[in-house]
Amino acid sequence: MKPDFYVLTWNDVLVSLFFIAFSIFLIKKWKLGLEKTLLIGTLRTFVQLTLMGYVLTWFFDQQHWAFMLSLLIAMIFIASWEGTRRQKNNIPHFFAAMLISLLGAAILILGTILLFILDVEPWYSPYAAIPIGGMIIGNGLNSTSLTANRFMGELKHREGEIETLLALGATPKLAVYDAMKASIHAALIPNINGMMTVGLVQLPGVMTGQILAGIDPLIAVRYQIMIMYMWFTTATLANMIMLAIVYRQFFTNKMQLRRELLRNEA
Amino acid sequence: MPSDPIFQFSNVSLKIDAVSILKGLNFEVHKGEFLSVLGASGAGKSSLLRMFNALSSPTEGSIKFRGMNIEDDMEVLRKNVGILFQNPAVFSGSVKDNLLLAGRWDQNIAQTLDHELIRSLKQVGLNKIELQNKARDLSGGEQQRLALARTLLNHPQVLLLDEPTSNLDPKLSSSIMDLVNNLRENLSLTVVAVSHDHVLMRRYANRVIILSHGELIGEGSFESLDRDQVFEQAGLLDTEAADET
Ligand SMILES: Nc1ncnc2c1ncn2[C@@H]1O[C@H](COP(=O)(O)OP(=O)(O)OP(=O)(O)O)[C@@H](O)[C@H]1O
Ligand SMILES: [Mg+2]
């Protein structure tokens, strides 16, 4: 018999606190001294997600294009700020680079999904735009911050090579091509590997959630396939836009590498 | 002795983070000459050499190349002014890949035939090296010569050398410097060579500039500078002490 829904009540959630109790028991036994932090974490998980539930409920009641647009833009701003915070190196205009790359990815990919794949009517319906927009922006954020860090590492490591190429007459773009290629590769290969093994070892979170909520696995699978493709394209597009902006920051308009940027760490 | 100035440095200073690296340098480089820049370690020689192909700009003063501001046409400048770095970058890949680096954007270089590449290797004394060898397997001195061959394939008018013989034994040092000097004579190349080895430079340089703590403390022929004892002043005679600073 196939259940329509596994409804989780607040009581059930309270029972799941048993997991935490059990962890605390184990932690005490090993004298790891993590009890206090864990309790704070437990509380924050509960409070933050409960609040988020109410916020989302309110969001899902809003049916207005201006609301959805502002929400997405706010998400992109927050993600760009978070990406800049995660950046340990001193990349000039990195916030703007994040903003533009996430905006570009969101417009192109979210737009395509809402308008042409899911045919959401109207496009600003929160049930589609919020979760999918969130996935695109979150994924773009993670991928671009990793790539930016890697790119900085490549620049430091290849400083001599880059100046050699410049000295032989290369434009800045040609001089950093190898560094850009290596950092984009590093970002995309885990994505491709994920596509190779998806479903074999572990079911992706979204699909698991949908199946638990009673959705036909075949429908859940279709969503997951779309999401995998979407993820990859988001990472590709956001990284390319970001790097196209970022690499320029490392050169003067006289084709000189700004070596001072490779020295000082923020 | 040619006297057509190809570079003119006027009051050139370089400051990095409020530290003065080069201080108010005034001098010219003449077309076709072999100019040697001598100075103890840390005197600012490499920092100065990078300005000849505008890898760095002075924070004060101006540099002219062939009568025009050096940064007016970067493409022409970089094409015409080749540099051999103190620690040359050798790329992963084959010797041939390294020679053809500029072929990525320069069709003429991309079309260089293998026998021409082999000739350019022989020219720098790399007789036994195959084009297919892995470049990073070469010894330090071989890598330095590979980098020189790579720079020469660009057919520069000016060749900048930063301690070109630091990884070579005396015999090879002489043969590389002989090669550079022959190219200078045959192709009317201008050579600017940075070194702390004034004994070697004596055999090749027409003129010398002496740097000490970022200042130009002597300019002219070896004879006149010997007379004024500028080499002692620059800490160049006691080379061991100089290397430690
Ligand atoms: N990017 C930089 N930041 C800070 N200081 C620098 C930088 N580049 C060079 N310096 C300093 O400037 C001085 C001159 O350096 P430079 O490399 O030009 O000396 P050099 O004469 O070539 O020495 P060597 O013979 O050891 O190669 C040194 O004291 C060095 O520490
Ligand atoms: Mg040096």
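Model, not experiment: these values are computed from the prediction. (Residues numbered from 1 in each chain as written. Chains lettered and ligands numbered in written order. Predicted model: local features only at pLDDT ≥ 70, side-chain atom pairs only at ≥ 80, totals over all residues. Heavy atoms only, no water.)

Q: Whenever I open this one, the domain arrangement of chain A confuses me. Can you help?
A: Interfaces are frequently sized by the accessible area removed from exposure as the parts join. Residues and elements named next belong to chain A. According to the domain assignment, chain A consists of domain 1 (1-61) and domain 2 (63-262). Distance between the C-alpha centres of domain 1 and domain 2: 30 Å. Contact with domain 1, which involves nine residues of that partner, is made by nine residues of domain 2. When the two sides are added together, the surface that domain 1 and domain 2 hide from each other amounts to roughly 810 Å², 69% of it contributed by carbon and sulfur. (Domains from an automatic or database assignment. Contact = heavy atoms within 4.5 Å. Buried area = accessible area lost by both parts, 1.4 Å probe.)

Q: Is there a simple way to explain the sheet that holds strand β1 (residues 5-16) of chain B in this structure?
A: Either a parallel or an antiparallel arrangement is found when strands of a sheet pair, and the pairing is made through backbone hydrogen bonds. Judged by pairing direction, the sheet is antiparallel, and its four strands sit side by side in the order β2-β1-β4-β5 (chain B) without closing on themselves. The two strands at the open ends of the sheet, each matched to only one other strand, are β2 (19-30) and β5 (68-69) of chain B. (Pairing = 2+ DSSP bridges. Helix = DSSP H or I, 4+ residues; strand = E, 2+ residues; numbered from the N terminus.)

Q: Looking at this model, I keep getting lost on helix α8 (residues 177-197) of chain A. Mind explaining?
A: All names here are of chain A. End to end, α8 covers 30 Å across 21 residues, agreeing with the expected 30 Å (1.5 Å per residue, within 8%). Taken as a whole, α8 carries its principal kink of about 25° at L188; the proline P190 stands between one and four residues after it. Those residues of α8 that sit buried are A179, M180, A182, S183, I184, A187 and L188. In this structure, the buried side of α8 is in contact with α5 (126-157) and α10 (217-249). After α8 finishes, the residue G199 shows a positive phi value of roughly 85°. (Expected span 1.5 Å × (residues − 1). Bend = angle between axes of the 7 residues up to and from the residue. Buried < 20%, exposed > 50% of the residue type's maximum accessible area, 1.4 Å probe, protein only.)

Q: Whenever I open this one, the site of ligand 1 confuses me. Can you help?
A: Residues and elements named next belong to chain B. Neighbouring residues of ligand 1: I16, I21, A40, S41, G42, A43, G44, K45, S46, S47, Q86 and E163. At 2.8 Å, a backbone N or O of G42 approaches an oxygen atom of ligand 1. Take S46: an N or O atom from its side chain is 2.8 Å from an oxygen atom of ligand 1. Taken by itself ligand 1 offers 630 Å² of open surface, and the protein chains cover 62% of this. (Near = heavy atom within 4 Å. Polar contact = N/O pair within 3.5 Å; in protein donor to acceptor, adjacent residues only side chain to side chain. Areas by Shrake-Rupley, 256 points an atom, 1.4 Å probe, with all protein chains shown as cover.)

Q: Hey, could you run me through the nonpolar core in this one?
A: Considering soluble globular proteins, one finds that nonpolar side chains tend to be buried as a cluster. The biggest cluster of nonpolar side chains holds 140 residues, and the ones touching the most others in it are F250 of chain A together with F7, F52 and L148 of chain B. With 12 residues, α5 of chain A is the single largest residue contributor to this core. Beyond its immediate sequence surroundings of up to four residues, F7 of chain B is in contact with F27, E28, V29, F52, K64, F65, I70, V81 and V158 of chain B. (Core = buried A, V, L, I, M, F, W, Y, C linked by side-chain atoms within 4.5 Å.)

Q: What's the story with the coordination of the magnesium ion (ligand 2) in this structure? I'm lost.
A: Six octahedral donors at a metal ideally form angles of 90 or 180 degrees, and four tetrahedral donors ideally form angles of 109.5 degrees. All names here are of chain B. For the magnesium ion (ligand 2), the full set of protein donor atoms is S46 (OG) and Q86 (OE1), and the range of their distances to it is 1.9 to 2.4 Å. One end of the pair, S46, is in helix α1 (residues 45-49); the other, Q86, is in the loop between β6 (81-84) and α3 (95-99), and 40 residues separate them in sequence. Take S46: its relative accessible area is 24%, and that puts it in the partly exposed class. For Q86, a relative accessible area of 33% gives the class partly exposed. (Donors = N, O, S within 2.8 Å, 3.2 Å for Na, K, Ca; no water.)

Q: Help me understand the environment of L39 of chain A in this model?
A: All names here are of chain A. Note that L39 resides in helix α2 (residues 35-61). Relative accessible area serves as the criterion here: at 49%, L39 is assigned to the partly exposed category. With 59 residues separating them along the chain, L39 and M98 place their C-alpha atoms 35 Å apart.

Q: I would appreciate a short explanation of the pattern of salt bridges in the present structure.
A: Once their charged atoms are close, side chains differing in charge can pair, the charge on each being opposite to the other. According to the stated counting rule, one finds 18 salt bridges over all chains in the structure shown. For E82 of chain A, the salt bridge goes to R85 of chain A, with nearest N and O atoms at 3.1 Å. Of this pair, E82 of chain A and R85 of chain A both sit in helix α3 (residues 65-86), three residues apart, which is roughly one turn of that helix. You can call R85 of chain A exposed: its relative accessible area is 52%. One network of salt bridges, in which partners are shared, links R150, E154, R158 and E161 of chain A together with R136 of chain B. (Salt bridge = Lys/Arg side-chain N within 4 Å of Asp/Glu carboxyl O.)

Q: What is the right way to read the pairing of strand β10 (residues 215-220) of chain B from this model?
A: Two faces, one strand: in a regular strand the side chains alternate between the faces of the sheet. Sheet topology places strand β9 (residues 207-212) of chain B next to β10 of chain B; five bridges connect them, and they run antiparallel. Bridge assignment links I210 of chain B to a residue of β10 of chain B, and that residue is G218 of chain B.

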